[in-house]
Amino acid sequence: MTGQACLTLVRRNPVNAAILDRLPALGAPQAHLTAGALFGTVWNLLSGQPPGANIADYDLFYWDADLSYEAEDAVIRRADALFADLPGTVEVRNQARVHLWFREKTGLERPALRSARDGIDQFLVECTALGIDARGEIYAPFGLRDLAAGRLRLNRQNHTPGLYRAKVESYRRRWPWLTDCEA
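Overview of the structure. Nothing here was measured: the structure is a model prediction, and the numbers come from that model.

### With respect to the packing of aromatic side chains
Aromatic rings considered in pairs are described by the distance between their centres and by the relative angle of their planes. One pass over the structure, following the stated rule, counts 6 aromatic pairs. Judged by centre distance (5.2 Å) and plane angle (65°), the ring pair of Phe 39 and Tyr 171 falls under edge-to-face. Taken together, the residues span a long stretch of sequence, with Phe 39 in helix 3 (residues 36-46) and Tyr 171 in helix 8 (residues 164-174) at a distance of 132 residues. Of the two residues, Phe 39 and Tyr 171, both sit in the buried class. Relative to Trp 175, the ring of Trp 43 lies with its centre 5.2 Å away and its plane at 65°, an arrangement referred to as edge-to-face. Of this pair, Trp 43 sits in helix 3 while Trp 175 sits in the loop between helix 8 and strand 7 (179-180), and the two are 132 residues apart along the sequence. Since its relative accessible area comes to 1%, Trp 175 is described here as buried. Through a chain of ring-to-ring contacts, three or more aromatic side chains come together here, namely Phe 39, Trp 43, Tyr 171 and Trp 175.

Right, dumping it as structure tokens:
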């Protein structure tokens, strides 16, 4: 799958298309639409399902050196206003702050991230490491071949490999044709 083919599939989900069209107006540095909104849409369409099926939320990553809760909250409030008319939840997170709350939420350590793409690089499953920035540029550090083929592999850069099996089981419940290459 080429980047353009992936972008075409992702934009067939009208929520993704609206978010990507409006993302520059958010004004958040290094903003990317990422995670299940992207790979879920691709897998839905490859499975013959509606593009928005099985998508719980729409994740936006950005990176800002201001680690204050107030700064992140201001971006979240702007996003709430910008995307208020869209169905589904838009989750906005400053990747520079992840290490501050990750242990409390998960009980696991996470090193500080240096960019929004650093967060994408560390997704648990390689082919799900995918983002589209405010210019419409696709970022896929492991390529798009496994995404298109439904091949799931543990990302060795992830800091929580013990969560891999549960994540794969969750994906396979929604898209049974996916293949766990680590099994």
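Having put the structure on the table, let's press on.
### Some points on the environment of Ala 96
Of note, Ala 96 is situated in the loop between strand 3 (89-94) and helix 5 (98-106). Through-space distance from the C-alpha of Ala 96 to that of Trp 63 is 5.5 Å; in sequence the pair is 33 residues apart.

What counts and how
Sequence order as written defines residue numbering, which begins from 1 separately in each chain. Predicted model: local features are reported for residues with pLDDT of at least 70 only, side-chain atom pairs are reported and counted for 80 or more only, and whole-chain, interface and lining totals are derived from all residues. Side-chain descriptors were evaluated using all non-hydrogen atoms of the structure, hydrogens and water having been removed beforehand. Aromatic rings from Phe, Tyr and Trp, with only the six-membered ring used for Trp, were paired whenever their centres fell within 6.5 Å, and each pair was classed as stacked if the ring planes differed by under 30 degrees, edge-to-face if by over 60, and tilted otherwise. Where helices and strands are cited, they refer to DSSP runs of H or I of at least four residues and of E of at least two residues respectively, numbered from the N terminus. Relative accessibility under 20% of the residue-type maximum defines a buried residue, over 50% an exposed one, and the middle range a partly exposed one, all with a 1.4 Å probe and only protein chains included.

No statement about biological role is implied by the geometric values presented.
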